[in-house]
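In case you want the letters, here they are:
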Amino acid sequence: MATRDVFSEDEMARLRSFPEIGRVELIRHFTLTDADEAFLRKFRTGRNVLGAAVQLCALPWLGYVPDDVSSAPAAAVGRLSQRLGVPMGELRDYGARSQTRTDHLREIAAYAGWRTTDAAEWKELDEFLFARAMEHDSPKLLFRLACEFLISGRVARPGVVYLLEHVATARARAREETWARVEHLLSDRRRAELDLLLVSDAYLGRTPLAWLGVGPTSSSPAAVKAELEKLAYLRRLDAHTMDLSDLPAERRRFLAGVGRRLTAQALQRREPQRRYPILLTVLAQSAVDVLDETLLLFDQAISGRESAAKAKMTEALAERARGGENRQQLLDEILAIVLDPVVGDEQVGGLIRTRVGMERLRGAWAVKQERLPRDHGHLAMMDASMNYLRQFAPAVLAAVQFAGGPGTELLLQAVSMLAGLYATGTRKVPASAPVGFVPTKWAGYLGAAAESGDVTAYRHYWELCVLVGLRDGLRSGDVFVPGSRRYADPASFLLTPQAWEPQRIEFCTLVGKPAAAADALAQADDELHTALGELETLLAKGTTGQVRLTDDGELIIPPLTAEDVPAEADVLRTELAGMLPRLPLASVLVEVDARTGFTDHLVHAGGKVNRPAELKRNLMYVIIAEATNMGLTAMAESCGVPYDVLAWTAEWYFRPETLEAANAAIVNYHHRLPLTRSFGTGTLSSSDGQRFPVKGKSITARHLSRYFARGQGISTYTHVSDQHATYDTKVIVATAPESHYVLDGILGNETDLPIHEHATDTHGATLANFALFDLVGKQLSPRIRDLGKITLYRTGGKADFEDRYPLVGPLLTRRCNTDLITGMWDDLLRVAASVKGGHATAALVVGKLCSSKRQQNALTSAIKEYGALRRTLYATRYLADETYRRRISRQLNKGENLHALRRSLAYAAEGALRRRHHEQQSEQMWCLTVATNAIVCWSTEYHGLGVAALRRDGREVDDEVLAHIWPTHHENVHFYGTHSVDIDGELAQLDADGYRPLRPAVLPSLD
């Protein structure tokens, strides 16, 4: 039963036989030592020697030896045959008696130090499987983990069926253990409450479980109240205090994912031991998610009113300026009289009254305007939104508990006091109400209202200051919320000093940083002097067209000229395009999947392992529907597969983590292609945001007139390697700072790309990013706008640097605070280790810790100070090396080309997304990334085949020229029309090597 449920007959056959072998594996596992050869010679006859050699090499390669030894890969057998001097044909007669193979294997295992699975080994394996089954429920994954565990312990893998039985036992035991760990939470009352989650509620119009799973699509007061209603419901069920920490985080994630996807009817059919743990994890996760959504909507609702007030203020300022033109002209005429040296003081008044005229003077006086406050009336404009804000602010402050770090005491006192005023309906702000948190630009409003005795105005302005201050505190992390994930205390995500201490040396070795601050600063100082020396030499030449100084000491950075692309590159690109097959997108996906198996990574959220024959077809239809922006409804009409089938496939198989794994399979395959090395080494990457309009309401969408003329949109932030592969995709708010996400994509890279250096535009060139990149052992290489105007730092006295570097020295206008860096060096390393180890995301550190407004935050200051030093180092290198500047510019252009490919691919509905929730948008953008990489991978491979064909015909194709044949040119793949996935039909068109035939080469005319 276990075999039939987990693996198909074909898969079982593959697990028991030899797979294909690559060159690396061939060399690693099928290279015999002299001792190996001496051991093998004991088997005397040629067939036994060669057969035993295959078993000896296969055991560490596979962890087992297939029964049919003679079916070993020909390349492996040939390598052994050559070393042993035994003809390959001898292997056909090896092991006619199975006992012979068994006896030989026993001797070979003893020689190689491998063991068989005895009772002790089984017990150890069972414990390992149980621990993994508490984290994962997929039997295929558990089977693979078991095989890896056995290989690491040099234990020969037992039969597939036996191993699957132990996997099944581990899964059953994990379910029993899960029940045992949560059963104490399941009182009769709680069980009844959990059962009610699955019963349709007349008030809600659906089951409470379905209601909890529907997220908000706008930041209106009604949406805030809806989330608060969910929060109150969850708290009545004590979901916020439910302690499920006895369950591993992966187990909780898995159970919650199943609960969110299963229907109420499906959950009702499950036995209590499986149903209740699922519902408990859903409730616990919902308590965190709903709290985060509430705070996010609170933030957005206030920000929306603030932005609207700012727009009105800008309009009012423009109107004020237009209305003041006559007064300005009048002032000019008056000044002309007053400043005229010929006119005496006693004549000024008379001349003004006669020349300007009393009528004009009285008219100007009648329309005089009061002096604007320091914020030009922004807070006064926000006062019009008081009724709007009071629709939800009282409920939020009553429902949420806020806390904060040093420097937030006055703000938190004000928040508590405002919550009390809301609760009691009191209108007057007490005289004891704190105001020390109010920004200077707004303090004048409170002072003026207090002086005039206007209690209402004072209450409005103070209330607005509290709400905006609370919003800003939540954003920076100065204010946090217990029980929240997104708005938790930033310090809670960092390694504690106690946990950091034993990791320090290992981390410093890993990233190549000295543990001592003095050594690190000495190293940086040496780097700086080397870079300054190179720049000094360049500036001394003063060559026109290069970086140089003017006579006034101003730094001139000329723009780079267009890249010189060889003419033969354009010819070759056109010729190769004519040779490549012309295919629809569906055919490309089928072919790329045949070589990468990327759809195998799209696994069922509930751990289901049966994969019907039509599943792969449906997966590709969903990818095409999302990537092209057609949507599942239009795709169902186009391909003939019912909408319900496609929707079910998308619900259960498409998640950001499965799509990321599928994408990694394509990127890894592309990375290994021969032609890919012509594009780059895979060590350099870049990132940039791309905007997509959104139809309908979405809390991630924003108005941005520069990109969305008539509506709202989102931004996708993608990381692209120098080999044209996209290895990370994130959906972010279009107005969010992109700099927060630069490092996250690199540290979260799950592909084989060895990314070491990363390029961005100016958006990524923050001081925090420069510091964190260096501290985790990476290089940030941005293209900075107005580079000549940034502040450059020196590590010593001004006079010393100017004496040593007469030209560069004066550009270093500020001295680095090395004492601050020295004092905080260990904490800087601890932050970097937390980020690199996944304890905190770089977005959290950059977005919260480094934007904190807490007073005397030495850590924040130290990060920025060290970042300024690293930025100076980078800037001097960048300025001194034009080749380096071109390399960075070229990499950023690769990202732009991929943007164009994605824009062409997501053509339907004018490129406007219809997904409204962040998770749905993330899944769609990952589908777009998968499709984009499939096209790049297919184009690269067939371009390589075309180049090989030309070279076979005697053509000389220079590798330098191949660097300009970018696979983002996609004229051979068409995206439009009806999509049809016929996997068997497509594969039947491939030749014996798995490729389609190239079209005849036609040399393009040079006329």
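Let me sum up the structure you'll find in this document. (Residues numbered from 1 in each chain as written. Predicted model: local features only at pLDDT ≥ 70, side-chain atom pairs only at ≥ 80, totals over all residues. Heavy atoms only, no water.)

### Considering the overall build of the protein
Here is step 1: Scanning the protein for helices and strands turns up 44 helices and 14 strands.
Here is step 2: Taking the principal axes of the C-alpha coordinates as reference, the protein spans close to 130 × 85 × 60 Å.
Here is step 3: Burial statistics for the protein: of 1007 residues in total, 50% are counted as buried.
Here is step 4: Put simply, of all contacts in the protein between residues at least 6 apart along the chain, 76% involve residues at least 24 apart.
Here is step 5: Of the accessible surface of the protein, which amounts to about 47,100 Å², a share of 51% is contributed by carbon and sulfur atoms.
Here is step 6: Here the protein holds 119 positive side-chain charges and 125 negative ones, and the gap between their average locations is 4 Å. (Helix = DSSP H or I, 4+ residues; strand = E, 2+ residues; numbered from the N terminus. Buried < 20%, exposed > 50% of the residue type's maximum accessible area, 1.4 Å probe, protein only. Contact = heavy atoms within 4.5 Å. Areas by Shrake-Rupley, 256 points an atom, 1.4 Å probe, with all protein chains shown as cover. Lys, Arg positive; Asp, Glu negative; His and termini not counted. Charge placed at Lys NZ, Arg CZ, Asp CG, Glu CD.)

### Notes on unusual backbone geometry
Here is step 1: Positioned with a positive phi, H376 is a non-glycine residue whose angle comes to about 60 degrees.
Here is step 2: Within the fold, H376 resides in the loop between helix 18 (345-366) and helix 19 (378-382).
Here is step 3: Of note, the phi angle at A909 is positive, near 55 degrees, even though the residue is not glycine.
Here is step 4: When you line up the elements, A909 lands in the loop between helix 41 (882-905) and helix 42 (918-952).
Here is step 5: With a relative accessible area of 25%, A909 lands in the partly exposed category.

### Thoughts on helix 30 (residues 615-627)
Here is step 1: An ideal rise of 1.5 Å per residue puts 18 Å on 13 residues; helix 30 measures up with 18 Å between its terminal C-alpha atoms.
Here is step 2: Most of helix 30 sits inside the fold, with 11 of its 13 residues counted as buried.
Here is step 3: Restricting attention to buried positions, one finds in helix 30 the residues L615, N618, L619, M620, Y621, V622, I623, I624, A625, E626 and A627.
Here is step 4: Where helix 30 is buried, its residues touch helix 29 (585-596), helix 31 (632-639), helix 32 (643-653), helix 41 and helix 42. (Expected span 1.5 Å × (residues − 1).)

### So, a negative patch on the surface
Here is step 1: Taken together, E568, E956, D958 and E960 make up a surface patch of like negative charges.
Here is step 2: Its location among the elements puts E960 in helix 43 (residues 959-962).
Here is step 3: Overall, the relative accessible area of 60% leaves E960 in the exposed class. (Patch = residues over 30% accessible without salt bridge, like charges linked within 9 Å, V, L, I, M, F, W, Y side chains within 5 Å. Salt bridge = Lys/Arg side-chain N within 4 Å of Asp/Glu carboxyl O.)

### A closer look at the packing of aromatic side chains
Here is step 1: For the coordinates displayed, the defined rule picks out 22 aromatic pairs.
Here is step 2: Measuring from centroid to centroid gives 5.8 Å for F770 and Y874, while their planes differ by 45 degrees, and the two rings are tilted. Here Y874 lies in helix 40 (residues 858-880) and F770 lies in helix 36 (residues 767-775), a separation of 104 residues in the sequence. You'll find F770 and Y874 in the same group, each marked buried.
Here is step 3: Of the aromatic side chains, those joined through ring pairs into one cluster are F770, Y874, Y878 and Y884.
Here is step 4: Lying across the ring of Y64, R157 places its NZ or CZ 3.8 Å from the centre.
Here is step 5: The side chain of R691 reaches across the aromatic face of Y707, ending 4.5 Å from its centre. (Phe/Tyr/Trp six-rings, centres within 6.5 Å; stacked < 30°, edge-to-face > 60°. Lys NZ or Arg CZ within 6 Å of the ring centre and 35° of its normal.)

### Overview of the side chain of S218
Here is step 1: Relative to the elements of secondary structure, S218 occurs in the loop between helix 12 (208-212) and helix 13 (221-236).
Here is step 2: Not counting the four nearest positions on each side in its chain, S218 is found in contact with A223, L297, K697 and I699.

### Observations concerning the pairing of strand 8 (residues 712-721)
Here is step 1: The element strand 8 is extensively covered by neighbouring structure, given that 9 of its 10 residues are classed as buried.
Here is step 2: Relative to strand 8, strand 6 (residues 684-694) runs antiparallel, the two being bridged by 10 bridges. Counterpart to P693 in the pairing with strand 8 is G713.
Here is step 3: Direction of pairing for strand 7 (residues 702-703) relative to strand 8: antiparallel, over a ladder of 2 bridges. The residue of strand 8 that forms the bridge with R702 is G713.
Here is step 4: Judged from the 7 bridges that link them, strand 8 and strand 9 (residues 726-733) form a sheet pairing that is antiparallel. Looking at strand 9, one finds that T716 is bridged to V731.
Here is step 5: The hairpin formed by strand 8 and strand 9 contains 4 residues between the paired strands, and H724 there has a positive phi angle of roughly 75 degrees. (Pairing = 2+ DSSP bridges.)

### Considering the packing of helix 30 against helix 32
Here is step 1: Direction vectors running N to C along helix 30 and helix 32 enclose 85 degrees, while the axes themselves pass 9 Å from each other. By the angle between their axes, helix 30 is roughly perpendicular relative to helix 32. Residue-level inspection shows L615, N618, L619, Y621 and V622 of helix 30 in contact with helix 32, the latter providing V645, L646, T649, A650 and Y653.
Here is step 2: Along the lines of polarity and charge, the residues of the contact of helix 30 with helix 32 split into 8 nonpolar, 2 polar and no charged. (Axes fitted to C-alpha atoms, helices over the stretch in contact; angles between N-to-C directions. Parallel < 35°, antiparallel > 145°, perpendicular 65-115°, else oblique. Nonpolar A, V, L, I, M, F, W, Y, C, P; charged D, E, K, R; others polar.)

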